[in-house]
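# Chain and residue survey
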Amino acid sequence: MAETAGETKAFKPYIPDETRVPEFTFRAVGLGMLFGVIFGAVTVYVGLRAGLTVGASIPIAVLSISVLRALGKASILENNIVQTTGSAGESVAGGVIFTLPALIFLGFGLEYSRILVLALIGGFLGVLFMIPLRRQLIVKEHGNLLYPEGTACADVLIAGEKGGSFASRVFWGLGLGGVYTMFQNENALAMIKGDPEYSPKWLPGASLRGATTSEYLGVGYIIGPKIAGVIFAGGLFSWFVMMPAIKFFGSAVPTPIYPSPIPIADMTSQQLWQFYIRYIGAGSVAAAGLITLMRTFPTIVSALKAGAADFKKSRDGSEQAAVGRTSEDLPTTVVLIGSLMIAVAMWGFLTFMPIPGAPTGAFANLVAALLVVVFGFLFVTVSSRICGLIGTSSNPISGMTIATLMATCALFLVVGWTAAPYGALALMIGGSVCIAAANGGNTSQDLKTGFLVGATPRAQQLSLFAGVLASCFAIGATLIGMNKALEKYVPVTIPLNLAEKPDGVSVETTSFAHAGATYTLVNVIGSSTIPEGKYLVNPASGNIEKQWIQGIGSDAAPAPQGRLMSVVINGILNRKLPWGLVLLGVFLVIAVELLGVRSLSFAVGSYLGIGTTAAIFCGGVVRWLAESGVQHKEGEEETSPGSLYASGLIAAGGIVGLMAIAVKYMETEGWIPANTLHVGGPLANSSIAGLLAFMALGYSLYYFARKPLK
């Protein structure tokens, strides 16, 4: 039922409009920026590994209540500023990891300055465009757009103000999850096996694994048994149906089948996933993203109509602006000037920091900058309204980004920009829009929280800018650090005549130093004879001797959304893809949709390694067991004891995992001795010991989920 004007005016926030309490304080903004850096980095770590992100607003709100209470009396509005500032880091990081890892799959490197600029542009756009939309979407449609995560966060803040204590449950998760991760992580003490595996001899090609990390267990609990089950179903289909089928039929062929350089009869299950399943999974994710976008098309149209109507009323003065503290937004001039400055910044970025090999003129760069602003406003509006209706977790960010990339690549195709560097240029545009849409959806949840507790919108908007600014510096460093620390050099033997290079093979440098030797570094994209990737060629033998597997894209950090974006770009611009595999994934998703199952979760599961999906499924099972016979009020699931403990597990896995990766990075650079943290021991190779330890962590999650909050 539509809300009447009278009903809107009747709403009274927790802190009345006429009441003034401490809000935009130095300690609140500073603590929020610190949380933004931490949770931004954790989101990069978990998102690259699991292909999923989880909201940070509630964990930050819980931690803020505890920390500020220890520092002295704090108001609810100060705690709201902390969570508003900190949650910006999580949303910007989500947009970054969904797109910019595709640079690696397109054959380019990750540059810190490029990631930083794009993250700032997208993050600021997401905040700017929500300033004029707040009144329409948050205030006037208060009864229609519920913003479930924002409402749950407001409940946490109000309960904390009244004396409720949630923080201990999060801290228990942080403590136990951190200890477990230190013992389990292969880059830390590595005293417990973290990847137990079973490969049945009665089904060649299949493999059941478990990436038994605390963050996967926590993610599975938070998303719940239904979604976790669908994700695991996708993994089972890939690893227990598709891969055994490929092994069964392909083993009769003595020669390699493209895109693999290895005969199928000689391939391990990991190689089957690497050379075949990843393309099928990418096709699945692309199709599922587009289907999700089409499903929300009516919402998109209504969001655009409502936004246009609201702007018209504001422009012609047909509606009086509300007055009072809780109606104070940043002025419209900030939005207009800010949008202009971002367009100029994007133009300058493309003009003075161009993609190597993709020369573009000043006019083309201006068009690209305007596309970022136009698509950014379009999808921030859509993202906000969808988040209001069905929540952030159902926001089709990947579908919106695919639509942007398809439109941009189509324009490039028309003007003849089909070389590989132009694919990276298209990604710059799509990446900025994706980050803006992700942050716009999160910003609307924060503004909803503020609306309910009686925050000053102007203060929230300023804190969001501060959160974006602080977190962006950590996001790029985390992305590059993970890529470096998780990289591997795998021995291979592939003949290659550099004098007559096959299509898709290019020489990057003839003096690449590795392990005391000098190699020729070649980059392969779109070749029909050599799988894509970077390779080290021995000039003396003329053979490829090692494959340089980047950390991002490996089984440790598969980055499914980034792979998807590269498939879309390559498919349109150079049309050199194993389309048979990609189309298998497309029709797999169509079949799943015909069964009445929402396909996006299934598609992500079909791409990820089964170790990831199995661990996530375990978290979902623990939630099903813990909540059997328990009735939750609407919206209470977000703040349940189990969800708070699971949030601590996720944060612990991310923080300790990042610390271990930082140590690994220092080892690879030669700053500290190798295996500084490594202890190992008799249990390090025992799958049974690893499973028992994971089961113990799962029981702790069950115990704390069943134990009521005090």
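### So, the overall build of the chain
Summing up its helical and strand segments, the chain has 22 helices and seven strands in all. For the chain, the C-alpha radius of gyration of 25 Å lies close to 27 Å, the compact-globule estimate for 710 residues. Counting only contacts in the chain whose residues sit at least 6 apart along the sequence, the fraction spanning at least 24 positions is 81%. Carbon and sulfur atoms make up 67% of the accessible area of the chain, which amounts to about 27900 Å² in all. Between the averaged position of the 43 positive side-chain charges in the chain and that of its 38 negative side-chain charges there is a distance of 2 Å.

### Side note on the packing of helix α4 (residues 76-99) against helix α16 (residues 457-485)
At their nearest, the axes of α4 and α16 sit 7 Å apart, and the two run at 40 degrees to each other. Classed by the angle they form, the pair α4 and α16 counts as oblique. Between α4 and α16 the crossing geometry is right-handed. Judged by residue contacts, N80, I81, T84, T85, A88, G89, V92, A93, V96 and I97 of α4 engage A459, Q460, S463, L464, A466, G467, V468, S471, C472, I475 and L479 from α16. Its residues placed into classes, the contact of α4 with α16 shows 13 nonpolar, eight polar and no charged.

### Structural notes on unusual backbone geometry
Omega for the peptide link from Y258 to P259 comes to 10 degrees, which places this bond in the cis form. Its location among the elements puts P259 in the loop between α9 (214-250) and α10 (269-295). With a phi angle near 55 degrees, N675 is a residue other than glycine that sits in the positive phi range. Mapping N675 onto the fold places it in the loop between α21 (641-668) and α22 (687-706).

### Quick notes on the nonpolar core
Among the nonpolar cores identified, the biggest contains 166 residues, and L48, V96, M346, L479 and M482 are the most heavily contacted of them. The element contributing the most residues to this core is helix α15 (residues 420-453), with 17 residues.

### Things to note about helix α20 (residues 610-626)
Each full turn of the α-helix corresponds to 3.6 residues, which orients residues three or four apart in the same direction. In a regular helix each residue adds 1.5 Å, so 17 residues correspond to 24 Å; α20 covers 24 Å between its end C-alpha atoms and thus fits that length. Burial analysis of α20 places twelve of its 17 residues in the buried class, the great majority of the element.

### A short note on the side chain of S57
Take S57: it is sitting in helix α3 (residues 57-71). Overall, the relative accessible area of 13% leaves S57 in the buried class. There is a polar contact of 3.4 Å between the side chain of S57 and the side chain of Q83. Dropping the residues within four chain positions of it, S57 is found in contact with Q83, S87, C153, N442 and D446.

### Notes on α22
With 20 residues, α22 should reach 28 Å at 1.5 Å per residue; the first-to-last C-alpha distance of 29 Å fits that figure. Considered for burial, the residues of α22 that qualify are A689, G690, A693, F694, L697, G698, S700, L701, F704 and A705. Those residues of α22 hidden inside the fold are in contact with α8 (167-184), α9, α20 and α21.

### Re the sheet that holds strand β6 (residues 533-538)
Strand order across the open sheet formed by five strands is β3-β7-β6-β5-β4, with antiparallel pairing between neighbours. Each end of this open sheet is capped by a strand with a single partner; those strands are β3 (488-495) and β4 (505-514). Sheet twist, expressed as the mean angle between neighbouring strand axes with direction ignored, is 30 degrees. Two strands pair when backbone bridges link them, and β3 and strand β7 (residues 543-549) are joined in this way by six bridges, in the antiparallel orientation. Pairing of I494 across the sheet is with I544, part of β7.

### A few points about the pattern of salt bridges
As enumerated under the stated definition, the model contains ten salt bridges in all. As a salt-bridge pair, K193 and D195 come within 3.5 Å of each other at their nearest N and O atoms. Taking the relative accessible area as the measure of exposure, D195 reaches 48% and is therefore partly exposed. In this structure, E197 engages R209 in a salt bridge whose closest nitrogen and oxygen atoms are separated by 3.4 Å. You can see E197 sitting in strand β1 (residues 197-198) and its partner R209 sitting in strand β2 (residues 208-209), a full twelve residues away along the chain.

### As for the packing of α10 against helix α18 (residues 579-594)
Between two packed helices, the angle of one axis relative to the other and the distance separating the axes together describe the packing. Relative orientation of the contacting elements α10 and α18 amounts to 45 degrees, with a least axis distance of 7 Å. On the basis of the axis angle, α10 is oblique to α18. The two elements α10 and α18 cross, and the hand of that crossing is right-handed. For the pair formed by α10 and α18, the contact residues are F275, Y276, Y279, I280, G283, S284, A287, A288, I291 and R295 on the first element and L581, V582, L584, G585, V586, L588, V589 and E593 on the second. Looking at the contact of α10 with α18 residue by residue, the class counts come to 13 nonpolar, three polar and two charged.

### A closer look at the pairing of strand β5 (residues 517-524)
Of all eight residues in β5, six are buried; the element is thus mostly enclosed. Relative to β5, β4 runs antiparallel, the two sharing seven bridges. Across the sheet, H514 pairs through a bridge with A517, a residue of β5. Hairpin remark: β4 followed by β5, antiparallel, with two residues in the connecting loop; positive phi at A515, about 55 degrees.

### So, the packing of aromatic side chains
One pass over the structure, following the stated rule, counts 19 aromatic pairs. Summarising the aromatic geometry, the rings of F129 and F377 are spaced 5.4 Å apart at their centres and angled 85 degrees between planes, so their arrangement reads as edge-to-face. In this pair, F129 is assigned in helix α6 (residues 112-140) and F377 in helix α13 (residues 362-390), connecting sequence segments 248 residues apart. Accessibility expressed as a relative area gives 5% for F129, which makes it buried. With centroids separated by 5.8 Å and ring planes inclined at 10 degrees, the aromatic side chains of Y489 and W548 adopt a geometry described as stacked. One end of the pair, Y489, is in strand β3; the other, W548, is in strand β7, and 59 residues separate them in sequence. Taken together, the ring pairs in this structure connect W172, Y645, Y703 and F704 into an aromatic cluster. One residue, R278, lies across the ring of W273, its end atom 5.7 Å from the ring centre. One Lys or Arg, R563, reaches over the ring of F105 and ends 4.0 Å from the middle of that ring.

Thresholds applied
Residues numbered from 1 in each chain as written. Predicted model: local features only at pLDDT ≥ 70, side-chain atom pairs only at ≥ 80, totals over all residues. Heavy atoms only, no water. Helix = DSSP H or I, 4+ residues; strand = E, 2+ residues; numbered from the N terminus. Rg over C-alpha atoms; globule rule 2.2 N^0.38 Å. Contact = heavy atoms within 4.5 Å. Areas by Shrake-Rupley, 256 points an atom, 1.4 Å probe, with all protein chains shown as cover. Lys, Arg positive; Asp, Glu negative; His and termini not counted. Charge placed at Lys NZ, Arg CZ, Asp CG, Glu CD. Axes fitted to C-alpha atoms, helices over the stretch in contact; angles between N-to-C directions. Parallel < 35°, antiparallel > 145°, perpendicular 65-115°, else oblique. Left-handed = near helix turned anticlockwise from the far one by under 90°. Nonpolar A, V, L, I, M, F, W, Y, C, P; charged D, E, K, R; others polar. Core = buried A, V, L, I, M, F, W, Y, C linked by side-chain atoms within 4.5 Å. Buried < 20%, exposed > 50% of the residue type's maximum accessible area, 1.4 Å probe, protein only. Expected span 1.5 Å × (residues − 1). Polar contact = N/O pair within 3.5 Å; in protein donor to acceptor, adjacent residues only side chain to side chain. Pairing = 2+ DSSP bridges. Salt bridge = Lys/Arg side-chain N within 4 Å of Asp/Glu carboxyl O. Phe/Tyr/Trp six-rings, centres within 6.5 Å; stacked < 30°, edge-to-face > 60°. Lys NZ or Arg CZ within 6 Å of the ring centre and 35° of its normal.

Read these as spatial facts, not as claims about activity.
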